[in-house]
Structure formats: structure tokens, C-alpha cells
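A look at the structure
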Number of protein chains: 4
Amino acid sequence: MIRVTVWNEHRHEQQDPAIAAVYPQGIHGQIASFLQTAGFITRTATLDEPEHGLTQAVLNETDVLIWWGHIAHHEVADSVVERIQQRVLKGMGLIVLHSGHMSKIFKKLMGTSCDLKWREAKEQERIFVIDPTHDIVKGIPESFMLEKEEMYGEHFDIPAPDETLLLSWFAGGNVFRSGITYKRGNGRIFYFQPGHESYPTYYHPHIQTIICNGVTYCAPRGNSYPVYGNEKNIYPITGAVK
Amino acid sequence: MIRVTVWNEHRHEQQDPAIAAVYPQGIHGQIASFLQTAGFITRTATLDEPEHGLTQAVLNETDVLIWWGHIAHHEVADSVVERIQQRVLKGMGLIVLHSGHMSKIFKKLMGTSCDLKWREAKEQERIFVIDPTHDIVKGIPESFMLEKEEMYGEHFDIPAPDETLLLSWFAGGNVFRSGITYKRGNGRIFYFQPGHESYPTYYHPHIQTIICNGVTYCAPRGNSYPVYGNEKNIYPITGAVK
Amino acid sequence: MIRVTVWNEHRHEQQDPAIAAVYPQGIHGQIASFLQTAGFITRTATLDEPEHGLTQAVLNETDVLIWWGHIAHHEVADSVVERIQQRVLKGMGLIVLHSGHMSKIFKKLMGTSCDLKWREAKEQERIFVIDPTHDIVKGIPESFMLEKEEMYGEHFDIPAPDETLLLSWFAGGNVFRSGITYKRGNGRIFYFQPGHESYPTYYHPHIQTIICNGVTYCAPRGNSYPVYGNEKNIYPITGAVK
Amino acid sequence: MIRVTVWNEHRHEQQDPAIAAVYPQGIHGQIASFLQTAGFITRTATLDEPEHGLTQAVLNETDVLIWWGHIAHHEVADSVVERIQQRVLKGMGLIVLHSGHMSKIFKKLMGTSCDLKWREAKEQERIFVIDPTHDIVKGIPESFMLEKEEMYGEHFDIPAPDETLLLSWFAGGNVFRSGITYKRGNGRIFYFQPGHESYPTYYHPHIQTIICNGVTYCAPRGNSYPVYGNEKNIYPITGAVK
């Protein structure tokens with residue numbers, strides 16, 4: 001049984017009634033809801049809880065952490081970010097959603113600015129699968145349309161992804177690498193672009209399927225963590241033939 | 001001085017006056033023209049010449065081969081395809097343009113169907129640079145528009161590219177990996193999507209710059225070809241410690 | 001339940017009593033044996049059967065094909081190779097073992113010579129995991145020793161792998177990318193180097209675990225195969241702004 | 001003309017006469033020496049200079065920064081590390097040598113621990129080219145031996161490299177990805193493993209060639225830096241067809 005912690009900044013929903021109307025239980029509540037239905041052991045955590053709800057104990061019991069943040073990235077304590085990074089390197093999966101691309105944890109794991117182009121225009125987004133045999137796109141058609149999403153466009157300042165699963169087309173004239181994976185240490189990372197706070201993206205069945213598949217994909221395999229440091233030679237060191 | 005051979009099927013131009021009007025010297029003639037201006041040693045070859053103009057002698061004197069084909073892929077002799085593949089593996093660069101994605105040589109080097117979606121609709125294409133520091137995009141803005149191009153869309157059935165330089169947006173609702181590179185043996189390969197026969201794509205300055213940069217990028221470095229086969233041990237084979 | 005077909009050339013075992021002594025049921029028999037124990041539905045096929053035992057019907061019922069060949073690559077019919085390639089592109093997994101690197105099917109899917117350096121010297125091989133969170137290395141320590149193997153050494157003339165899981169050290173002074181994956185079309189491919197015919201490699205528990213994991217990893221996900229060809233525009237094609 | 005700054009911690013040479021005997025001008029002095037001979041505009045900088053010799057002005061005039069550090073990584077000011085990262089993202093090349101794998105700047109750009117196995121045993125290292133057509137290995141044979149080097153061994157906790165150029169074999173029983181590249185933002189990064197302070201590695205002609213090639217490879221192309229942030233739609237946003 002995979003244990004998921006859904007983290008949400010949870011500010012938009014408290015500040016803007018229109019957004020609260022879309023996500024009455026918060027974005028985290030909606031994501032947790034469909035993850036529970038899918039059979040995952042799910043809890044939530046938010047920015048304003050002590051230690052942002054991400055104590056060492058919580059992280060130790062988390063197989064996959066989902067991250068949604070936007071207007072308060074700078075309020076996330078560096079010590080908590082450091083703690084998350086260490087857990088990822090030791091094997092915890094991490095799914096970064098939408099505006100989480102500018103979160104401290106994503107930038108720390110990527111080493112780049114993670115910046116991009118954007119536009120809020122109730123714009124159609126068409127998502128294409130370009131890695132059709134990947135676990136994360138199981139059950140997804142070769143393309144599908146979101147009726148309105150925030151445009152995120154290239155150039156996206158990220159390291160070359162280990163895998164590029166999804167590319168998105170936006171009606172106003174932009175493209176984006178909208179589903180990508182990385183490994184860092186023993187941890188697997190999935191960045192997935194859809195999910196603007198004022199649109200009902202996380203109610204969409206394909207979006208839910210992709211996030212559920214992502215959780216399974218990012219969950220630790222129980223593989224052993226490598227040993228680093230000094231190592232004795234296993235073979236005698238003599239001169240080379242020649 | 002880099003020696004380029006521009007190969008063109010050269011059938012559309014002879015069969016359709018409208019296309020001949022766009023490319024009076026043939027597509028190969030137009031490409032050779034701007035390559036010569038850029039300082040490359042350039043020759044051309046076409047399907048209806050003996051051995052398609054690609055004798056062993058010609059290939060031996062070619063640093064980079066450019067390939068444009070469409071309606072007569074099946075007329076290209078397997079023996080010539082084999083000869084090209086061997087030259088690529090030994091270090092000759094190969095640039096495959098537009099409908100060349102279905103050529104025998106590209107499919108042979110990729111191992112996949114190389115199939116895709118397409119549409120002829122005088123459609124706007126917007127090309128985005130996603131690898132901004134790559135040699136091939138030097139001098140190119142972060143995006144630019146072609147007023148009309150044939151739509152080539154995902155899914156494109158290719159191996160995961162070594163590098164993805166360019167992504168394209170099409171007005172009608174599609175995206176495409178329009179500039180990608182591979183290495184095969186000692187050879188470098190660049191696939192570049194624009195160039196429908198009835199549109200004046202190869203007169204566009206950015207398209208010309210990208211192809212010129214591609215030639216420089218794909219040209220052999222003069223690196224030595226590896227030695228394969230049996231090799232003596234350089235170190236004494238004794239038992240491992242413990 | 002994953003259905004595996006283990007294909008073996010099966011010539012060494014019939015020609016050399018010393019090899020028959022190592023693999024009395026043939027290399028295919030030994031591999032099939034531990035796969036069956038692991039719970040896979042397993043059958044075998046060999047070169048000298050009609051159509052090499054790989055009729056269209058057999059391939060249609062195969063989720064993952066395992067390939068061991070060495071001295072008779074040239075006897076494999078091109079029509080069967082073509083049939084296998086088509087099945088891989090449609091989603092069948094393929095595991096290529098040891099000297100299968102020079103098989104027609106592997107070379108056809110790679111597009112390169114697939115050549116390498118080699119030495120038969122009863123040589124220690126030490127295998128290192130370099131992608132510790134990969135599914136294929138689940139249950140494998142960070143390194144382990146084979147007491148004797150054939151040396152396969154770089155340069156290995158392959159496309160840059162999608163994933164490099166394992167690197168090998170050989171006592172006599174060579175290194176090798178000994179566990180690598182590729183995707184081609186909807187199919188997953190795993191090449192794994194150990195398995196010289198005169199050494200008892202396929203009795204080694206870690207080797208068995210890696211091959212079993214490889215079968216699970218390469219098995220088709222049931223994802224839909226993309227549609228290629230002409231596609232209508234989903235969005236109206238008008239002129240771009242400005 | 002490419003402008004190189006060679007940065008060295010410069011502690012070993014001042015603390016240990018045996019190391020000073022190998023590098024009387026410091027490791028930085030020896031590296032700068034062969035770079036100057038090769039025609040690069042070269043300066044040096046060391047830890048104990050104000051701002052470690054890496055003021056904003058110096059970095060602004062640096063095309064490629066070379067980094068050697070070992071026992072004093074923690075003494076490098078975070079503000080200088082931040083400054084270097086920003087310059088890399090804007091296009092400055094970075095070559096990290098040997099024990100620089102644990103430097104703050106390399107870890108910050110990688111997002112991982114960058115840890116590895118090691119052994120000091122005057123051990124033979126054999127370096128193999130596995131990307132034979134790469135610019136960085138131009139003029140290098142397919143393999144060569146260093147008579148003594150510090151063993152650096154897998155697992156090396158790094159992101160999957162964009163390119164793996166070199167693999168190393170160590171006599172005592174280890175392998176290592178010894179030459180790798182990454183891009184971060186507009187900057188190119190080359191990590192190259194040889195160069196223990198007590199061995200004369202930087203006098204070896206092939207090592208010098210690889211570092212010189214690395215400088216040329218990592219130098220900025222003068223490509224434009226992408227624009228991030230809000231962007232207007234270029235195409236009218238209307239409803240999708242159907």
C-alpha cells in the first residue's frame with residue numbers, strides 16, 4: 001500500500017471565494033479524495049501547519065509527496081525544503097504540480113531557474129502522449145483536450161528530462177513539455193503542468209488517472225541505498241601487462 | 001572546408017508546375033544555393049541519376065549528406081541505402097528534412113516506423129527553441145513563425161532523441177518534435193521537419209541558418225573509429241581478493 | 001500473467017559436450033526453468049524449428065521474447081526478423097542476452113553495427129548498479145561478482161541508451177555497459193550482457209533476478225497504439241495575430 | 001578568443017611539500033599553463049583571495065570556469081556559489097575536476113549528493129571513450145592508461161548525464177563514469193574525474209587535450225537568453241472545433 005502526502009499551500013482557496021467555489025475542500029482535499037478512491041493511503045499537509053505539516057515523522061511515513069504551491073513559495077522554510085530533498089534522495093517519490101515548478105524544492109532538485117512563459121486566458125490546452133508505453137500514461141488516449149487551463153509555455157528552464165511523456169498545445173500559440181520525469185538519488189520525480197487554481201482541472205478523469213499512475217510510478221521500489229566512501233580493493237593492484 | 005551533398009528525389013518539381021514555380025532549380029538547387037553562399041563545398045544528387053548519384057566515390061567525398069524525399073522512397077535501391085548507412089556509422093553526417101522521415105535510410109538508422117500525423121492546410125507553424133545553447137540554434141530567436149507549412153504532429157514514432165532542440169506548434173491543434181539529433185556509430189544525424197514542397201520554406205532565413213548550423217554540427221570531427229573484436233588482457237587475470 | 005517465449009539458437013549445446021554438460025536442457029531450458037518457477041507462463045523456441053518456432057501465432061501470444069544467439073545469426077530468416085520487429089513496435093517486450101548483441105533483430109532495432117571487444121579468459125566480472133531505483137535491479141546488491149564470464153568491452157557500438165542500469169568491470173582491464181534499456185515504438189527492450197555458453201551464468205541467483213525483473217519491466221502495459229496518418233484540424237485555422 | 005578562469009582551492013600545495021613538489025605553481029598554475037599554450041586567455045583564482053578571486057567582474061569576463069577543490073569546500077562562501085550558479089545559467093561554461101564533485105557549486109547545479117566510492121592506492125586507471133564522435137574526445141585514442149590515480153567508483157550519485165563520454169576502469173575492481181556533460185540554463189557543464197593532488201595527472205597529454213577540448217565545448221555560443229514571464233497570445237483564442 002502506497003502512502004501519499006498531498007501538500008498544498010492553501011492560500012488561494014482562503015483568499016478568493018471564486019477559487020473556494022471550485023475547490024471547497026482545498027486543492028489538496030480534491031486530490032486526496034480521488035487518490036483515496038483509487039486505494040492509496042492518503043493524508044494532507046498545508047503551509048500554515050507547524051513545520052508546514054511536513055515533520056520528519058510525516059516524511060518518514062510518506063512514499064510519495066505531491067506538491068502544489070504558487071503565491072507563497074518564499075514562505076516555505078529552508079529547513080523543511082532541505083528535509084524533503086534528503087528524503088527524495090533516499091527514495092521518496094515527488095510529484096510537482098502546476099505552479100510548483102517555482103517551488104524551492106523543485107528548484108533545489110533541478111539546479112536551474114525553472115522559469116517559463118505563462119498566460120491566464122481560459123485557453124484550450126491539448127495534451128499529447130509522446131511516450132506511449134510509459135506507466136504514467138496507461139489508460140490515457142493519445143491526446144485529450146482541457147477546455148480551459150493557464151498557458152505554460154517554452155522555454156521551460158529545466159535540465160533535459162530523463163523522460164518526456166507529454167507535450168501540450170495551447171490555443172493562443174504555445175507549446176510546453178507538460179509531463180516529465182527525473183531521478184535524483186534513489187527518488188523519482190514527476191512534474192505535471194495542469195492545475196490552475198481557478199479551473200476544475202483536478203476533477204478531470206484523465207488528469208486524475210495520470211496523477212494516480214504517477215504515484216505508482218514514483219513510489220519507492222525498496223531498492224537498497226548505495227554505500228558511499230572509502231572502499232578496499234577487491235582485486236590485487238599490480239602493474240598492467242604491456 | 002565541409003563538403004555537403006544535397007540529395008533530392010526531384011519528382012514533385014518535374015510533375016507539378018506549381019511546385020516547379022516555387023523551386024525552379026529543384027529543392028536541392030535551392031538548398032545547395034544557400035549552402036554555397038554560406039561557404040560549404042556543395043554538390044547535388046537526385047533519384048534518377050545512376051546509383052541515385054550516390055556512388056561510393058561520392059559518399060567517400062561527402063562530409064554531410066542532406067536528404068529530401070517523399071513520393072518515391074520505395075524507388076531508392078536497398079544497396080545504396082546500405083552504403084549510406086555504412087558511411088554514417090563511419091562518421092558521415094546526415095540531415096534528414098521534412099518527408100524524409102519515411103525514407104529507407106532514416107527508418108534503417110532509427111529502427112522504428114518513423115510514422116506521424118499530417119495535414120496539408122496552409123497552416124501557421126510556430127517553432128520554439130527548447131535547447132537554447134545548442135550549436136544548431138545559434139542565431140535563432142527563441143521562437144519564430146512560418147506562415148504556412150504542412151502539419152506534422154505527434155505521435156512521431158521515433159526513438160527518444162539524444163537531443164530535442166525544437167518543438168513546433170501548429171494552428172490547427174498539433175505539436176511536434178521538429179528538430180532532433182541522434183548519434184549512430186561515429187555519425188551525427190539531425191532531423192528537421194519544415195520543408196513542404198509547395199511552400200517556400202527553404203527561402204526563409206531562419207530555416208537556412210538552422211540547416212547551415214546543422215551541417216557544421218553533423219560534420220565529422222576526424223575522431224578515430226573504434227577497433228572491434230578480440231582484445232588481449234592488459235592486466236593479469238588472477239583471482240579476486242577474498 | 002505475463003507470457004514469455006525463450007528463444008535459443010541451440011547449436012553450441014548440440015555440438016560441444018562440455019557446453020551440453022553446463023546446460024543439459026539447453027540454455028533456453030535453463031532460462032525457461034527459472035522463469036516458470038518465478039510464475040511466468042513460459043514456452044521455448046529454437047532455430048531449427050519451422051519458422052524458428054516463431055510463427056505469427058506464437059508471437060501474437062508472446063508478451064516478452066528473450067533472445068540468445070551466437071554462431072548462427074545469419075541463419076535466422078529475414079522474414080522472421082521483420083515479424084519480430086513489427087511485434088516489438090506494437091508492444092511486445094524483447095530481452096536480448098549476451099551474444100545476441102549481433103543478432104539481426106537487435107541490429108535492426110538499433111540501426112548500428114552493435115559490435116564490441118571480447119575475450120574468452122575465464123575472467124572475473126564485477127557488475128555495478130548505476131541506476132539504483134530502476135525496477136530491473138530490485139533485489140540486487142550495489143555490486144556483485146561473476147567468477148568467470150566472457151569479457152565484453154567498450155566501445156560498444158549502440159545508440160545512447162535510454163537508461164544505463166549496469167556497468168561491468170573485467171579483471172583483464174575492460175569496462176562495459178552491461179545492462180541497458182531502449183524503447184522502440186510501443187515496445188520495451190532490455191539488453192543484458194552476461195551468459196557465455198560455457199559458463200553457468202544462468203544458474204546465478206542475481207542473474208535470474210535481473211532477467212525476471214526484466215520480463216516484468218518489458219511486458220506491455222496495454223497502452224493504446226497511436227493512430228498515424230492524416231488528421232483534421234481540431235482548431236480553426238485563421239491568420240495569426242499581427 | 002575564449003577566456004578561462006582556473007579556480008583552485010590551493011591548500012594541499014601549501015600544506016604538503018610532496019604535493020608542492022608535484023605542482024610547484026599550484027594545480028591552478030599547471031592547468032593555466034597548458035591552457036595558455038593552447039591559446040586560451042587564462043587567469044587563475046584561489047580560495048584565500050578576497051571573494052575567492054571570483055568577483056562579479058571576474059565572472060562577467062569569464063567564458064569558462066574550471067574548478068578544483070577538495071578539503072575546503074565548506075569554506076567557499078554561499079554568496080559566491082550563488083553568483084557562479086547565476087552565471088552558469090546565463091551561459092558561462094563550467095568544468096569541474098576530480099574532487100570538485102563534492103563542491104557546493106556542483107551539488108547546487110546537480111541537486112543530488114554527488115557522493116561516490118574512493119580509494120588512494122596508486123592504482124592504474126584505464127579510460128575508455130564511449131562517445132567516439134564527441135568534440136571533447138577529439139584527438140584521444142579509444143582508451144589510454146594513467147599509471148596511478150585515485151579510484152573514484154560507482155555508485156556516483158548524480159542525475160543521469162546528458163552525455164556520458166568516458167568510462168574508467170580501476171585495477172582494484174571498480175568502474176566510474178569519468179567524463180560526463182550537462183546543460184543547466186544556457187550553461188554547459190563538464191565533469192572530468194582524473195586529477196588527484198599527489199599524482200602528476202595534469203601533465204599527461206591526453207588529460208590536457210580533454211580539458212582543452214572541454215573548454216571549447218563549454219564556451220558560450222552567444223545564443224540569446226530566453227525571455228520568461230507573461231506572454232500575450234499570438235493566435236486568437238476561440239473555441240475548439242467540435
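By the naming in an unreviewed UniProt entry, chain A is ThuA-like domain-containing protein, taken from Kluyvera georgiana ATCC 51603.

Looking at the overall build of chain A
Tallying secondary structure elements over chain A gives 7 helices and 10 strands in all. Considering only C-alpha atoms, chain A reaches an extent of 75 × 40 × 35 Å along its principal axes. A buried classification covers 67% of the 242 residues belonging to chain A. Taking the intrachain contacts of chain A between residues at least 6 apart in sequence as the baseline, contacts between residues at least 24 apart amount to 72%. In the structure as shown, chain A presents an accessible area of about 7,800 Å², 52% of it carried by carbon and sulfur atoms. Within chain A, the 27 negative side-chain charges are centred at a point lying 8 Å from the centre of the 22 positive side-chain charges.

What to know about the packing of helix H3 (residues 26-37) of chain A against helix H7 (residues 205-218) of chain A
Each pair of packed helices gets described by two things: the angle between the helix axes and the distance between those axes. Residue and element names in this part refer to chain A. Running from amino to carboxyl end, H3 crosses H7 at an angle of 70 degrees, the nearest separation of the two axes being 10 Å. Comparing their axes, H7 and H3 come out roughly perpendicular. Here Gln30, Phe34 and Leu35 of H3 come into contact with H7, specifically with Gln208, Ile211, Cys212 and Val215. Looking at side-chain class alone, the contact of H3 with H7 contains 5 nonpolar, 2 polar and no charged residues.

Some points on the UniProt feature "domain: ThuA-like" (unreviewed entry) in chain A
Residues annotated by UniProt as "domain: ThuA-like" (unreviewed entry) correspond here to residues 3-218 of chain A. Span residues 3-218 of chain A is 28% helix and 33% strand, its end C-alpha atoms 11 Å apart.

Describing the relation of the copies chain A and chain D
Between the two copies, chain A and chain D, the superposition gives an RMSD of 0.0 Å; the rotation angle is 180 degrees and the shift along the axis is 0.0 Å. Viewed as a symmetry operation, the transformation between the two copies matches a two-fold axis. For chain A, the smallest separation between a C-alpha atom and the rotation axis is recorded for Gly111 of chain A, amounting to 2.9 Å. Both copies share a contact surface, since 98% of the interface residues of chain A are interface residues in chain D too.

Focus: the side chain of His134 of chain B
Note on placement: His134 of chain B falls in the loop between strand S5 (117-129) and strand S6 (143-153). Since its relative accessible area comes to 2%, His134 of chain B is described here as buried. For His134 of chain B, the side chain forms a polar contact with the side chain of Glu163 of chain B, separated by 2.8 Å. Not counting residues up to four positions away in its chain, the partners in contact with His134 of chain B are Glu163, Leu165, Thr181 and Tyr217 of chain B together with Lys183, Arg188 and Asn223 of chain D.

Structural notes on the relation of the copies chain C and chain B
Screw-axis analysis of chain C against chain B gives a translation of 0.0 Å along the axis, an RMSD of 0.0 Å, and a rotation angle of 180 degrees. When the interface residues of chain C are mapped onto chain B, 100% of them again lie at the interface, so the same face is used by both copies.

What to know about the pattern of salt bridges
For the structure shown, the criterion picks out 60 salt bridges over all chains. Arg221 of chain B is the partner of Asp135 of chain D in a salt bridge, and the nearest nitrogen-oxygen pair spans 2.7 Å. Residue Asp135 of chain D is found in the loop between strand S5 (117-129) and strand S6 (143-153), and its partner Arg221 of chain B is found in the loop between helix H7 (205-218) and strand S10 (229-230); the two belong to separate chains. Since its relative accessible area comes to 22%, Asp135 of chain D is described here as partly exposed. As a salt-bridge pair, Glu51 of chain D and Arg83 of chain D come within 2.8 Å of each other at their nearest N and O atoms. On the criterion of sequence distance, the pair formed by Glu51 of chain D in the loop between strand S2 (41-46) and helix H4 (56-60) and Arg83 of chain D in helix H5 (residues 78-89) is long-range, its members being 32 residues apart. One network of salt bridges, with partners in common, ties together Lys117 of chain A, Arg126 and Glu142 of chain B together with Glu231 of chain D.

Notes on the interface of chain C and chain B
Quite often, the size of an interface is put as the accessible area lost when its parts meet. Between chain C and chain B, the contact holds 47 residues from the first and 47 residues from the second. In this assembly, chain C packs against chain B so that about 3,400 Å² is buried in total across both faces, 50% of it on carbon and sulfur atoms. At the boundary of chain C and chain B, one finds 30 residue pairs in polar contact (both at pLDDT 80 or more). Elements that contribute at least two residues to the side of chain C that touches chain B include exactly helix H5 (78-89), helix H6 (104-110), strand S5 (117-129), strand S6 (143-153), strand S8 (174-184) and strand S10 (229-230) of chain C. Of the residues forming the side of chain C that touches chain B, the biggest block, 7 residues, is contributed by S5 of chain C. Looking at side-chain class alone, the side of chain C that touches chain B contains 20 nonpolar, 15 polar and 12 charged residues. Pairing between S5 of chain B and S10 of chain C: 2 bridges, direction parallel. Note on S10 of chain C: the bridge partner recorded for Lys117 of chain B is Gly229 of chain C.

Section: the interface of chain A and chain D
Facing the 48 residues of chain A at the interface are 48 residues of chain D. Three residues, Tyr228, Glu231 and Ile237 of chain A, lead the burial of chain A against chain D; their summed loss comes to 18% of the area buried on that side. Taken together, the connections running from chain A to chain D amount to 2 salt bridges. Here chain A and chain D share 30 residue pairs in polar contact (both at pLDDT 80 or more) between them. Elements supplying a minimum of two residues to the side of chain A that touches chain D: helix H5 (78-90), helix H6 (104-110), strand S5 (117-129), strand S6 (143-153), strand S8 (174-184) and strand S10 (229-230) of chain A. With 7 residues, S5 of chain A is the single largest residue contributor to the side of chain A that touches chain D. Among the residues forming the side of chain A that touches chain D, the class breakdown is 20 nonpolar, 15 polar and 13 charged.

A word on helix H7 (residues 205-218) of chain D
Here H7 of chain D is 14 residues long and its end C-alpha atoms lie 20 Å apart, about the 20 Å a rise of 1.5 Å per residue gives. Burial runs high along H7 of chain D: 10 of the 14 residues are buried.

Let's talk about the side chain of Thr5 of chain B
Residues and elements named next belong to chain B. With respect to the helices and strands, the residue Thr5 is situated in strand S1 (residues 3-8). The buried category is assigned to Thr5, whose relative accessible area is 1%. A polar atom in the side chain of Thr5 sits 2.7 Å from the side chain of Thr62.

A few points about the pairing of strand S3 (residues 64-68) of chain A
Residues and elements named next belong to chain A. Among the 5 residues that make up S3, 5 are buried, leaving the element largely enclosed by the rest of the structure. Neither face of S3 is exposed, since Val64, Ile66 and Trp68 on one face and Leu65 and Trp67 on the opposite face are all buried. In this sheet, S3 lies alongside strand S1 (residues 3-8) in parallel orientation, the contact comprising 5 bridges. Bridge pairing in S3 places Thr5 opposite Leu65. As paired elements, S3 and strand S4 (residues 93-97) share 4 bridges and run parallel to each other. Bridging across to S4, Val64 finds its partner in Gly93.

Observations regarding the packing of aromatic side chains
The tally for this structure, following the rule as stated, stands at 42 aromatic pairs over all chains. Ring geometry for Phe190 of chain C against Phe192 of chain C: centres 5.6 Å apart, planes inclined by 15 degrees, an arrangement best described as stacked. Both residues of the pair, Phe190 of chain C and Phe192 of chain C, belong to the buried class. Aromatic rings pair up to connect Phe106, Tyr152, Phe156, Phe176 and Tyr191 of chain A into one cluster. The ring centre of Tyr225 of chain C lies 5.1 Å from the NZ or CZ of Lys90 of chain C, which sits over that ring. In this arrangement the basic side chain of Arg221 of chain C is found over the ring face of Tyr217 of chain C, its NZ or CZ atom lying 5.9 Å from the centre.

Some points on the environment of Pro200 of chain D
Summarising the element assignment, Pro200 of chain D is placed in the loop between strand S9 (187-192) and H7. Once residues within four sequence positions are removed from consideration, Pro200 of chain D is found in contact with Val22, Tyr23 and Lys148 of chain D.

What to know about the pairing of S1 of chain B
All names here are of chain B. Across the 6 residues of S1, 5 count as buried, placing the element largely inside the fold. Taken together, the 6 bridges between S1 and strand S2 (residues 41-46) define a ladder with parallel strand orientation. The partner of Trp7 across the bridge, within S2, is Ala45.

Some points on the environment of Ala38 of chain D
Residues and elements named next belong to chain D. Within the secondary structure, Ala38 sits in the loop between helix H3 (26-37) and S2. The exposure class of Ala38 is partly exposed, given its relative accessible area of 44%. Taking the C-alpha atoms as reference points, Ala38 and Cys212, 174 residues apart in sequence, are found 7.3 Å from one another.

What counts, and at which threshold
Residues numbered from 1 in each chain as written. Chains lettered and ligands numbered in written order. Predicted model: local features only at pLDDT ≥ 70, side-chain atom pairs only at ≥ 80, totals over all residues. Heavy atoms only, no water. Helix = DSSP H or I, 4+ residues; strand = E, 2+ residues; numbered from the N terminus. Buried < 20%, exposed > 50% of the residue type's maximum accessible area, 1.4 Å probe, protein only. Contact = heavy atoms within 4.5 Å. Areas by Shrake-Rupley, 256 points an atom, 1.4 Å probe, with all protein chains shown as cover. Lys, Arg positive; Asp, Glu negative; His and termini not counted. Charge placed at Lys NZ, Arg CZ, Asp CG, Glu CD. Axes fitted to C-alpha atoms, helices over the stretch in contact; angles between N-to-C directions. Parallel < 35°, antiparallel > 145°, perpendicular 65-115°, else oblique. Nonpolar A, V, L, I, M, F, W, Y, C, P; charged D, E, K, R; others polar. UniProt positions renumbered as here; feature names shortened; annotations may be inferred. Least-squares fit on C-alpha atoms with pLDDT ≥ 70 in both. Polar contact = N/O pair within 3.5 Å; in protein donor to acceptor, adjacent residues only side chain to side chain. Salt bridge = Lys/Arg side-chain N within 4 Å of Asp/Glu carboxyl O. Buried area = accessible area lost by both parts, 1.4 Å probe. Pairing = 2+ DSSP bridges. Expected span 1.5 Å × (residues − 1). Phe/Tyr/Trp six-rings, centres within 6.5 Å; stacked < 30°, edge-to-face > 60°. Lys NZ or Arg CZ within 6 Å of the ring centre and 35° of its normal.

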